[in-house]
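# Fold and geometry: a report
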Amino acid sequence: MSEPAAPPSTITPSTATPQHQAAGPSRVRAAVVTISDTRTPETDTSGQYLRAQLLAAGHEVTGHVIVRDDAVEIRSALVRLMQGCDLVITSGGTGIAGRDVTIPVIESLIVKPIPGFGELFRMLSYAQVGGAAMLSRALGGLSRGALLFALPGSLNAVQTAWEGLLRDQLGHLVFEVARQGQPGLGGAARPASLGRHANTGGAAGRQED
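Residues numbered from 1 in each chain as written. Predicted model: local features only at pLDDT ≥ 70, side-chain atom pairs only at ≥ 80, totals over all residues. Heavy atoms only, no water.

## Points about the environment of Q169
- Along the chain, Q169 falls in the loop between α6 (155-166) and α7 (170-178).
- Since its relative accessible area comes to 27%, Q169 is described here as partly exposed.
- Remark: the alpha-carbon pair of Q169 and G24, spanning 145 residues in sequence, is separated by 9.1 Å.
- Within the local environment of Q169, its side chain forms a polar contact with the side chain of H172, the two groups lying 2.9 Å apart. (Helix = DSSP H or I, 4+ residues; strand = E, 2+ residues; numbered from the N terminus. Buried < 20%, exposed > 50% of the residue type's maximum accessible area, 1.4 Å probe, protein only. Polar contact = N/O pair within 3.5 Å; in protein donor to acceptor, adjacent residues only side chain to side chain.)

This is how it looks when you write it as structure tokens:
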């Protein structure tokens, strides 16, 4: 007996996303911040990995620093590095230990959260480490100066976030920030690599999200 034919799909593929991805810049300006009380430039494997991957993909690394698990130092580094770049990626301090203060600092700087980043990161992590993925408070969002993405400190977690989420979306993310401007945020929210796209009102800007 033959199997019944599957009903036709009612899901219409999006045409906007590929267009927006194609419209994004191939080169973005990014900074890397490692947050740790113990890591040094020689032992900062996660920061080294992010910097190497950004450069290998043709992006510009505008800064790469290591700061202690201290809220004042973290905020100072982020505010400074956000000037003149499109995004800042941090590693470390996303757990629930007493010295893990990265997330409250970044939450205080974000004006537009991207909840899907943290949700998808934990989904990918669950496939690798099981229920321990719930301990990660990794998050992303748009600040007044740049996009911010906070990753755990382990190299494996950073690789998961880069390969599974960030690597292929950086240009698209920057394009989405700029394509219709950011009402109420002024020029500070206009990505350095894509300022020319803001408020263009072009065909890509009229596509549905």
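## Quick look at helix α3 (residues 71-82)
- The terminal C-alpha atoms of α3 lie 16 Å apart, and with 12 residues this matches the ideal 16 Å at 1.5 Å per residue to within 8%.
- The complete set of buried residues in α3 reads I74, A77, L78, L81 and M82. Taken around the axis of α3, the buried residues stretch over an arc of 120 degrees, which confines them to a single face. The exposed residues of α3 that point more than 90 degrees off its buried face are V72 and R80.
- Packed against the buried residues of α3 are β1 (29-35), β2 (60-67), β3 (87-91), α4 (102-109), β5 (139-143) and β6 (147-151).
- At the N-terminal end of α3, a side-chain oxygen is found 3.1 Å from the backbone nitrogen of V72, two or three residues along, and the residue is D70.
- G84, located one to two residues past α3, shows a positive phi value of around 85 degrees. (Expected span 1.5 Å × (residues − 1). Arc of directions from axis to C-beta. Contact = heavy atoms within 4.5 Å.)

## With respect to a nonpolar patch on the surface
- A cluster of nonpolar side chains, contributed by I96, M134 and L135, occupies part of the molecular surface with about 360 Å² of accessible area.
- In this fold, M134 is placed in the loop between α5 (115-129) and β5.
- Residue M134 is classed as exposed on the basis of its relative accessible area, which comes to 66%. (Patch = residues over 30% accessible without salt bridge, like charges linked within 9 Å, V, L, I, M, F, W, Y side chains within 5 Å. Areas by Shrake-Rupley, 256 points an atom, 1.4 Å probe, with all protein chains shown as cover. Salt bridge = Lys/Arg side-chain N within 4 Å of Asp/Glu carboxyl O.)

## Observations concerning the pairing of β5
- Among the 5 residues in β5, 5 count as buried, and that is most of the element.
- Where β5 meets β6, 4 bridges bridge the pair, whose relative direction is antiparallel. Bridging from a neighbouring strand, G141 pairs with L148 of β6.
- In this structure, the hairpin formed by β5 and β6 is closed by a connection of 3 residues. (Pairing = 2+ DSSP bridges.)

## A closer look at the pattern of salt bridges
- All told, the structure shown has 6 salt bridges when counted by the stated rule.
- One salt bridge in this structure joins R29 and E60, with 3.5 Å as the shortest N-O distance. Taken together, the residues span a long stretch of sequence, with R29 in strand β1 and E60 in strand β2 at a distance of 31 residues.
- For R29, a relative accessible area of 28% corresponds to the partly exposed category.

## Comments concerning the packing of α3 against α4
- It is at 9 Å that the axes of α3 and α4 come closest, and there the two elements cross at 40 degrees. When the axis of α3 is compared with that of α4, the two are oblique. Regarding α3 and α4, the two cross each other, and that crossing is right-handed. For the pair formed by α3 and α4, the contact residues are A71, I74, R75, L78, V79 and M82 on the first element and T102, V105, I106, S108 and L109 on the second. (Axes fitted to C-alpha atoms, helices over the stretch in contact; angles between N-to-C directions. Parallel < 35°, antiparallel > 145°, perpendicular 65-115°, else oblique. Left-handed = near helix turned anticlockwise from the far one by under 90°.)

## Focus: α7
- For α7, the buried fraction is high: 7 of the 9 residues fall into the buried class.
- L170, G171, H172, V174, F175, V177 and A178 are the residues of α7 that are buried.

Note that every value here comes from positions in space, so none of it alone points to a role or purpose.
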